[in-house]
Amino acid sequence: MGRRRPLRIAFGRIFQESNAFSPLATTIDDFRRAHWISDDALLAACGRRGVEIPGYVKRAELSGFLRAAERDGAVEAVPLCSIAALPSGQVAPEAFADLQAELLKRLSTAGPIDGLFLSLHGAMRIAGATEDAEGQLLKAIRARVGAELPIAVCYDLHANFTPAKADLATISCALRTNPHRDMYRVGQRTAELLIARLRSKFRPTRAWRKLPLVLGGGAGIDFLAPMRRIFLMARLFERLPRVRYVSLYMCHPWSDASDLGWAVDVLTDNDQVLAERLAERLAEMIWQVRDVPLPTLYTPREAIEKARAAKWARKAGHVALIDVADVPPAGGTGASTTMLAELIASPPKMTTYIPLCDPQAAVALSALAPGSAVSRAVGGSIDPDRHRPVTIEGRLLGVHDTKFGATVTVACGEVKLVITEKPPMTINPTFFSDVGLDPKRADVVIQKSLFHYRVYWWKTALRHVPFDGAGATSLDHLRGVQLAVPSYPLDQTISDWRAADKRLRKLA
Ligand SMILES: [Zn+2]
């Protein structure tokens, strides 16, 4: 065997999930603060001793890419930049222009490359401009590198797959777990496919379908019914000799894109007929489970009563009350006061941890000494149309500087409030333990995460009760969205998805 041809592949990331119902804009500072590395620092972060996105994830898509490059043995990985912001409101146009310019500048100075590997979210929006930020980015990249350069993109499962995304990249692969825990694996697989394409070992041939479906399939968890069977089928398809990857996109319902919808994308080795057939079958399977409902949502009062009744769960661990309408990892602000108002009005007689985003209160209370009495209104400053201030009387427990900015803890009897300057992410128990609240001591924890938190809280969160407060991730918003085609569940009379699919795949 002769020596393999050396390849140069550039790699990078631009990543944010946009919630169009958040009153906050995502600015360039939000990216700078959350994650922004390039060149050798990026290469080191993705290496064996590095941490790809400190504070969030050790190994993700770009580490997976690097691993595949190393395994090949003749790939030079050329670092561009890796930039991400937390899920929040839409990206400000000038911020997006800066991000795009940064990536293009690094591409221009990267020297000759054989391929490009990107990690993108797929549900980023630019305020007042395009609904498909990644489609626009790919367009700008193509204008720079030409139509022929093979480009592989790793997307979040909640991407809104569009004609621009399908046409402008050679290979697209979605994460296949929800909650997401396979960023590294999928990154590696995507990179292997790109390298195989560059070594002329396969001819990427795709077929995709888009469903008039913005919400369906129950909670959408990959290992639970009804989605389990569909993800399993996708894996079975991948065992067929000519199938290389099967992506299933569930879209981000709060992105408010007019062409929003679930999609499937089948990648084969030069077999268009097979790709079309499998995409069609998988789309039909998804359509058949569209009406599996989400778990029942309770009112805050009902949720507290459920926690009170769950004596065993409280003894052995705690009850998680999930504020589904105010989830920062899906772009919520964390500023909802609906549950807090309930807890203050009628104290629960259970040790209850609750986060709240209120920049003004967090900064003002940070100036006080721990132990000080606290008597003031909190909440209502970020999203006054939805959230009313609540007056609390209590004692300041601690003052901290965390990745959520100024952070204070206040005890109002058994209710322990964590007030943050930035939207709080409670996915990891360290959110509470870092500010001196032992998660093991809680009877009730108010979760601001849909279900991703279960990955980290499984030892102590023994009951899960979703409730509907009010916020940017309330499903009520979906009633008002303007969609290009009638879609389920807003229109429940649609019986077949195929006519809508044809229209959605043509929309630019
Ligand atoms: Zn996602």
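Let us look at the overall build of the protein chain. Counting its secondary structure elements, the protein chain contains 16 helices and 17 strands. Against the globule reference of 23 Å for 508 residues, the protein chain gives a C-alpha radius of gyration of 23 Å, in line with a compact fold. The C-alpha extent of the protein chain, read off along each of the three principal axes, is 75 × 55 × 45 Å. By the burial criterion, 60% of the 508 residues in the protein chain qualify as buried.

When two helices pack together, their arrangement is given by the angle between the helix axes and by the axis-to-axis distance. Between helix α4 (residues 93-108) and helix α5 (residues 133-145), the shortest axis-to-axis distance is 11 Å and the interhelical angle comes to 30°. With respect to their mutual orientation, α4 and α5 come out roughly parallel. For the pair α4 and α5, the sense of crossing is right-handed. Together, Phe96, Gln100, Leu103, Leu104, Leu107 and Ser108 of α4 and Ala133, Gln136, Leu137, Ala140, Ile141, Arg144 and Val145 of α5 make up the contact between the two elements. When grouped by side-chain class, the residues that make up the contact of α4 with α5 number nine nonpolar, three polar and one charged.

With that settled, consider the coordination of the zinc ion. Within the protein, the zinc ion binds to Asp156 (OD), Asp156 (OD), His158 (ND1) and His180 (NE2); these donor distances fall in the range 2.1 to 2.8 Å. Each of the four donor atoms bound to the zinc ion contributes to angles spanning 51 to 145°, and the resulting shape is irregular. Motif for the zinc ion, donor spacing along one chain: D-x1-H-x21-H. His158 sits in the buried class, given a relative accessible area of 14%.

With domains assigned, the protein chain is organised as domain 1 (7-288) and domain 2 (300-467). Centre-to-centre, using C-alpha coordinates, domain 1 lies 33 Å away from domain 2. Each partner contributes to the interface: domain 1 provides 20 residues, whereas domain 2 provides 17 residues. Summed over both sides, the interface of domain 1 with domain 2 buries roughly 1,400 Å², with 64% coming from carbon and sulfur. When the area that domain 1 buries against domain 2 is broken down by residue, the three leading residues are Pro23, Pro87 and Pro179, summing to 28%. For the interface between domain 1 and domain 2, the tally reads one salt bridge. Between Lys422 and Asp30 there is a salt bridge; the shortest N-O distance is 4.0 Å. At the boundary of domain 1 and domain 2, one finds three residue pairs in polar contact (both at pLDDT 80 or more).

Looking now at the pattern of salt bridges. Summed over all chains, the structure comprises 34 salt bridges. The residue Asp30 makes a salt bridge to Arg33 at a minimum N-O spacing of 3.0 Å. Remark: Arg33 and Asp30 occur in helix α1 (residues 28-34); sequence separation between them is three residues, near one turn of the helix. Given a relative accessible area of 52%, Arg33 falls into the exposed group. Where salt bridges share partners, they join Arg209, Glu276, Glu280, Glu284, Asp496 and Arg498 into one cluster.

This paragraph deals with the sheet that holds strand β5 (residues 151-155). In space, the six strands of this open sheet follow the order β2-β3-β1-β4-β5-β6, with mixed pairing throughout. On the outer flanks of this sheet lie β2 (35-38) and β6 (171-174), each paired with one strand and no other. Neighbouring strand axes in the sheet, compared pairwise and without regard to direction, differ in orientation by 15° on average. Note: strand β1 (residues 7-15) against strand β3 (residues 75-84), eight bridges, orientation parallel. Looking at the pairing, Leu7 lines up with Val75 of β3. Contacting β1, β3, β4 (115-120) and β5, helix α3 (residues 61-72) crosses the sheet at an angle of about 170° to β1. Here α4 sits on the sheet and contacts β1, β2, β3 and β4; the angle it forms with β3, its principal contact strand, is near 165°.

This part takes up the sheet that holds strand β14 (residues 405-412). Strand order across the open sheet formed by eight strands is β12-β13-β14-β15-β11-β16-β10-β17, with mixed pairing between neighbours. Both outer strands of the open sheet, β12 (373-378) and β17 (461-467), are each paired with one neighbouring strand and no more. On average, each strand axis in the sheet is inclined to that of its neighbour by 35°, with strand direction left out of account. Alignment of strand β11 (residues 352-357) against strand β16 (residues 444-447), held across two bridges, turns out to be parallel. If you follow Thr352 over to β16, its bridge partner there is Val444. Each of β10 (318-323), β16 and β17 touches helix α10 (residues 300-309); the most contacted strand, β17, lies at about 165° to it.

Below, the discussion takes up the side chain of Asp323. Among the secondary structure elements, Asp323 is positioned in strand β10. Of the residues examined, Asp323 reaches a relative accessible area of 1% and is grouped as buried. Excluding residues that lie within four positions of it along the chain, Asp323 makes contacts with Ser336, Gln447, Lys448, Phe467 and Gly469.

Basis of the calculations
Residues numbered from 1 in each chain as written. Predicted model: local features only at pLDDT ≥ 70, side-chain atom pairs only at ≥ 80, totals over all residues. Heavy atoms only, no water. Helix = DSSP H or I, 4+ residues; strand = E, 2+ residues; numbered from the N terminus. Rg over C-alpha atoms; globule rule 2.2 N^0.38 Å. Buried < 20%, exposed > 50% of the residue type's maximum accessible area, 1.4 Å probe, protein only. Axes fitted to C-alpha atoms, helices over the stretch in contact; angles between N-to-C directions. Parallel < 35°, antiparallel > 145°, perpendicular 65-115°, else oblique. Left-handed = near helix turned anticlockwise from the far one by under 90°. Contact = heavy atoms within 4.5 Å. Nonpolar A, V, L, I, M, F, W, Y, C, P; charged D, E, K, R; others polar. Donors = N, O, S within 2.8 Å, 3.2 Å for Na, K, Ca; no water. Tetrahedral: all angles 85-135°; square planar, octahedral: opposite > 155°, others 65-115°. Domains from an automatic or database assignment. Buried area = accessible area lost by both parts, 1.4 Å probe. Salt bridge = Lys/Arg side-chain N within 4 Å of Asp/Glu carboxyl O. Polar contact = N/O pair within 3.5 Å; in protein donor to acceptor, adjacent residues only side chain to side chain. Pairing = 2+ DSSP bridges.

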